[in-house]
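Results of the structural survey
Here's the letter readout for the chains.
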Amino acid sequence: MTKPCPLKKVDDYRWKIEKTGSMNVEGLIFASEKMVPSICSDNAHQQVANVAALPGIIGKSFAMPDIHWGYGFPIGGVAAFDINKGVISPGGIGYDINCGVRLLRTNLLKKDIERNIKNLVAGLFNNIPSGVGATGKLNLLANEVKSVLEKGAKWAVEKGFGEKEDLKNIEENGTFKDADFSNVSERAIDRGKEQLGTLGAGNHFLEIQEITEIYDEDFAQKHGIFLGQITVMIHTGSRGLGYQVCDDYIKVMLNAARKYEINLTDKQLACAPVLSEEGKTYFSAMAAAANYAWANRQIITHWVRETFMHVLAKSPKDLGLELVYDVAHNIGKFEEHAGKQIFIHRKGATRSLPNIPVLIPGTMGTASYVMVGTEQALKETFGSTCHGAGRTMSRTQALKGIQGNELIKKLESEGITVQVKKMKTLAEEAPGAYKDVNLVVDVCHNAGISKKVAKMKPLGVIKG
Amino acid sequence: MLMKKRYKVISHTADVGIIAYGKTLSELFENAAYGMFSLITDIERVKEKGTIAISLQDNNLEELLIAFLNELQYYFSMKQLLFRKFEILSLTDTKLKASVTGEKISDHQVLHEIKAATYHNLKIKKIKNNYQVQIIFDV
């Protein structure tokens, strides 16, 4: 990779890739000067350029500061398409459909849980299944999975997992109305039977956090957030069902790309015209998988509440465990921008709309953030911003650097209680393997595509 | 003589990948599967307790390879099976028959949850008389 870096500075936080060759639009990467070398040494910028060459792309091929090398589309990528001339691509959304973040507020301060933090972490670890191929406490029939796919978080609430009020603070209110389970394969539904209400492995986590900084008092207050408050963050997605939907439809799209004569520089970019039969079918299946993820986070929320009630012996009212918000960061949507219908892919990117929270999970041992969407994002990025820290180190490199048990000791010395299914996950997901989330968030804040509201530090972490 | 390398792990920021090698296409497929399960677990500790027959078809060899790996991923994640022996019984450009042997995940440590084998920059290459292919996994 000795090729010169094609990133040209626009301003302190914007770098463009000029339109060359088969690119239909230019590429724009949000980054600080310090991040540029690592972006260039990765192949991620080439992926931004590949996406720019897809038919019907509008605006620019965007990448957020947490950009890193993915497969097909880069992670941290945002690509919007004209609905008549553009395409829809499962690889532009990812395998973990509606991987996302939910933040719960409480009426508690650190002093209220300090003595019980180990019990809380242990309780959550026991109550919420995690780890590779984890199966949950629910074992659904195929028909029930279909209901989940149709109704999303609403299904969970109807079954007694949480309150109707919860739905108000979820992107799409927790139900993607365009979902059609009849376009989800039997195998995907089969995979969905045992994994509802599970956290999974890898970078997914559940954290008990403390609000350590407030940047926007008004917005924080409006959402019941205050300094010193305890919050709970849930980061997970649609599990094996989502992976299966993605894999099933990449196959469909490889055929569709041949049929519609779309030239693919990378097979993982397989796509079809947005409004083609294949495009519409995939969209309805993807929406169904997104609903599964919202139901998943809703059920986990219920078990978080149960665990807190049990361990702290407090009533739901005293705990005040309510949703701040729930956002998706691997998703595709029809949206209206400047009076025009578009189809947007966000793969490792979050929706950013004025007055609506944006949630940015860090990695364990580092901070997470609440941000708020902006007009600037609407004008510039079709209402999109970053989703997290973004890796800088491969998993194999991360493993060479640090041992899981050393890391637990280090985190514990910083006052963070950790429970993890396997040490190797911990080492691979070590904070050092990621970009500094503070810098990623600062780039978005300074570029104006989302604004900082509050910062949280972890007190307890559960991982698969 | 040393046995020729079956696969090599490559560094990739977001995910993990391998380059698989083979003297024949069948061997390439077998070694790709072996490489994938080496990422998932300590493959040498997997015992040969049961065999599953696999029969697939797809558009071309490359897509058939990914279909094969994702079929095995399905058995791993849904049926909690680990494999160590992979035999391609017949292989054409569009059809594959294989038998795979292994056992249930019990006390094995699962090192990676592989979500899928991706089609990213997928290309089977013939270099001199050997085949090789790079596969990136979503983990």
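Structural data are supplied above this passage.
Residues numbered from 1 in each chain as written. Chains lettered and ligands numbered in written order. Predicted model: local features only at pLDDT ≥ 70, side-chain atom pairs only at ≥ 80, totals over all residues. Heavy atoms only, no water.

**Concerning the overall build of chain B**
If you tally the helices and strands in chain B, you get 2 helices and 8 strands. Ordered by position from the N terminus, the helices and strands of chain B form the series β-β-α-β-α-β-β-β-β-β. The C-alpha atoms of chain B give 14 Å as radius of gyration, which agrees with the globular expectation for 139 residues (14 Å, within 12%). Structurally, chain B occupies a C-alpha span of about 40 × 35 × 35 Å along its principal axes. The 139 residues of chain B split such that 60% are buried. For chain B, long-range pairs separated by at least 24 residues make up 66% of all intrachain contacts whose partners lie at least 6 apart in sequence. As displayed, chain B offers around 6100 Å² of accessible surface, 49% of which is attributable to carbon and sulfur atoms. Positive and negative charge centroids in chain B, built from 19 and 16 side chains respectively, lie 5 Å apart. (Helix = DSSP H or I, 4+ residues; strand = E, 2+ residues; numbered from the N terminus. Rg over C-alpha atoms; globule rule 2.2 N^0.38 Å. Buried < 20%, exposed > 50% of the residue type's maximum accessible area, 1.4 Å probe, protein only. Contact = heavy atoms within 4.5 Å. Areas by Shrake-Rupley, 256 points an atom, 1.4 Å probe, with all protein chains shown as cover. Lys, Arg positive; Asp, Glu negative; His and termini not counted. Charge placed at Lys NZ, Arg CZ, Asp CG, Glu CD.)

**A few points about the interface of chain A and chain B**
Interfaces are frequently sized by the accessible area removed from exposure as the parts join. In this assembly, 40 residues from chain A lie in contact with 36 residues from chain B. Along the contact surface separating chain A from chain B lie 6 salt bridges. For B:E63, the salt bridge is made with A:R258, and the minimal N-O distance between the two is 3.0 Å. Put simply, chain A and chain B have 15 residue pairs in polar contact (both at pLDDT 80 or more) between them. Broken down by secondary-structure element, the contributors of at least two residues to the side of chain A that touches chain B are helix 7 (186-192), helix 9 (239-259), helix 13 (395-401) and helix 15 (423-428) of chain A. Its residues assigned to classes, the side of chain A that touches chain B shows 10 nonpolar, 14 polar and 16 charged. (Salt bridge = Lys/Arg side-chain N within 4 Å of Asp/Glu carboxyl O. Polar contact = N/O pair within 3.5 Å; in protein donor to acceptor, adjacent residues only side chain to side chain. Nonpolar A, V, L, I, M, F, W, Y, C, P; charged D, E, K, R; others polar.)

**Observations regarding the side chain of A:N127**
Residue and element names in this part refer to chain A. Within the fold, N127 resides in helix 4 (residues 117-127). Separated by 2.7 Å, the side chains of N127 and K137 make a polar contact. Side-chain polar atoms of N127 contact the side chain of T307, separated by 2.9 Å.

**So, the side chain of B:E30**
All names here are of chain B. Looking at where E30 falls in the secondary structure, it is placed in helix 1 (residues 25-40). Buried charge without a salt bridge: E30, with R6 as the nearest opposite-charge side chain at an N-O distance of 7.2 Å. Among all residues touching E30, those that are not within four sequence positions of it are F86, E87 and I88.

**Observations concerning the sheet that holds strand 4 (residues 81-91) of chain B**
Residue and element names in this part refer to chain B. With respect to topology, 3 strands assemble into an open sheet ordered 3-5-4, the strand pairing being antiparallel. Where the open sheet ends on each side, the last strands, each with one partner, are strand 3 (50-57) and strand 4. Strand-to-strand twist in this sheet, taken as the mean axis angle between neighbours without regard to direction, amounts to 25°. Pairing geometry for strand 3 and strand 5 (residues 95-104), over 8 bridges, is antiparallel. Note that in strand 5 the partner of I54 across the bridge is A98. Helix 1 contacts strand 4 and strand 5 of the sheet and is inclined by roughly 170° relative to strand 4. (Pairing = 2+ DSSP bridges. Axes fitted to C-alpha atoms, helices over the stretch in contact; angles between N-to-C directions.)

**Here we look at the pattern of salt bridges**
All chains considered together, the criterion is met by 34 salt bridges over all chains. The partner of A:D442 in a salt bridge is A:K452, and the shortest N-O contact between them spans 2.8 Å. Placement of A:D442 in helix 16 (residues 437-447) and of A:K452 in strand 19 (residues 451-463) is noted, with a sequence separation of 10 residues between them. Looking at A:D442, the relative accessible area reads 26%, which means it is partly exposed. One continuous salt-bridge network, built from bridges that share partners, spans A:R258, A:K267, B:E62 and B:E63.

**Focus: the sheet that holds strand 1 (residues 7-11) of chain A**
All names here are of chain A. Strand order across the open sheet formed by 7 strands is 1-2-3-4-5-13-12, with mixed pairing between neighbours. Looking at strand neighbours, the two that pair on one side only are strand 1 and strand 12 (330-337), the edges of this open sheet. This sheet shows a mean twist of 25° between the axes of neighbouring strands, independent of strand direction. Bridge analysis of strand 2 (residues 14-17) against strand 3 (residues 27-30) gives 4 bridges, and the strand direction is antiparallel. Residue pairing in the sheet places I17 in a bridge with G27 of strand 3. Across the sheet, helix 2 (residues 44-52) is in contact with strand 1, strand 2, strand 3, strand 4 (57-68) and strand 5 (75-82); its angle to strand 4 comes to roughly 160°.

**As for the environment of A:N296**
Residue and element names in this part refer to chain A. By the secondary structure assignment, N296 is in helix 10 (residues 277-312). For N296, a relative accessible area of 0% puts it in the buried group. Sequence spacing of N296 and G197 is 99 residues, and the spatial spacing of their C-alpha atoms is 4.9 Å. With sequence-adjacent residues up to four places away left out, N296 is seen in contact with Q195, L196, G197, T198, T236, G237 and R239.

**Considerations on helix 5 (residues 142-151) of chain A**
Residues and elements named next belong to chain A. Among all positions in helix 5, only V145, V148 and L149 are buried. The buried residues of helix 5 occupy one face: seen down the axis, they fall within an arc of 100°. Taken together, the buried residues of helix 5 touch helix 6 (153-158), helix 7, helix 9 and helix 10. (Arc of directions from axis to C-beta.)

**Side note on the environment of B:Q57**
Locating B:Q57 in the fold gives a position in strand 3. Between the C-alpha atom of B:Q57 and that of B:A117, which follows or precedes it by 60 residues, the distance is 17 Å.

**Let's talk about the packing of helix 4 of chain A against helix 10 of chain A**
Residue and element names in this part refer to chain A. Running from N to C, helix 4 and helix 10 point in directions that differ by 140°, and their axes come no closer than 9 Å. Considering the angle they form, helix 4 stands oblique to helix 10. For the pair helix 4 and helix 10, the sense of crossing is right-handed. Residues N119, L120, G123, L124 and N127 of helix 4 touch helix 10, and the partners they reach there are W303, V304, E306, T307, F308, V311 and L312. (Parallel < 35°, antiparallel > 145°, perpendicular 65-115°, else oblique. Left-handed = near helix turned anticlockwise from the far one by under 90°.)

**A short note on unusual backbone geometry**
Residues and elements named next belong to chain A. Of note, N173 is a non-glycine position whose phi angle comes to about 55°, a positive value. The residue N173 is located in the loop between helix 6 and helix 7 in this model. Owing to a relative accessible area of 42%, N173 belongs among the partly exposed residues under this scheme. Despite not being glycine, A338 has its phi angle at roughly 50°, a positive value. Among the structural elements, A338 can be located in the loop between strand 12 and strand 13 (340-347). Taking relative accessible area as the criterion, A338 reaches 89% and is therefore assigned exposed.

**Topic: the state of the cysteines**
Residue and element names in this part refer to chain A. For the coordinates displayed, the defined rule picks out 1 disulfide over all chains. Each disulfide pairs two cysteine sulfurs, and for C5 the partner residue is C40, the sulfurs being separated by 1.6 Å. For the disulfide bridge between C5 and C40, the dihedral angle about the S-S bond is near -40°, and by the sign convention the bridge is left-handed. Placement of C5 in the segment before strand 1 and of C40 in helix 1 (residues 36-41) is noted, with a sequence separation of 35 residues between them. C5 sits in the partly exposed class, given a relative accessible area of 35%. Of the cysteine sulfurs around C99, a residue in no disulfide, the closest is that of C246, at 13 Å. C271 takes part in no disulfide bond, and the closest cysteine sulfur, belonging to C246, lies 13 Å away. (Disulfide = S-S within 2.5 Å.)

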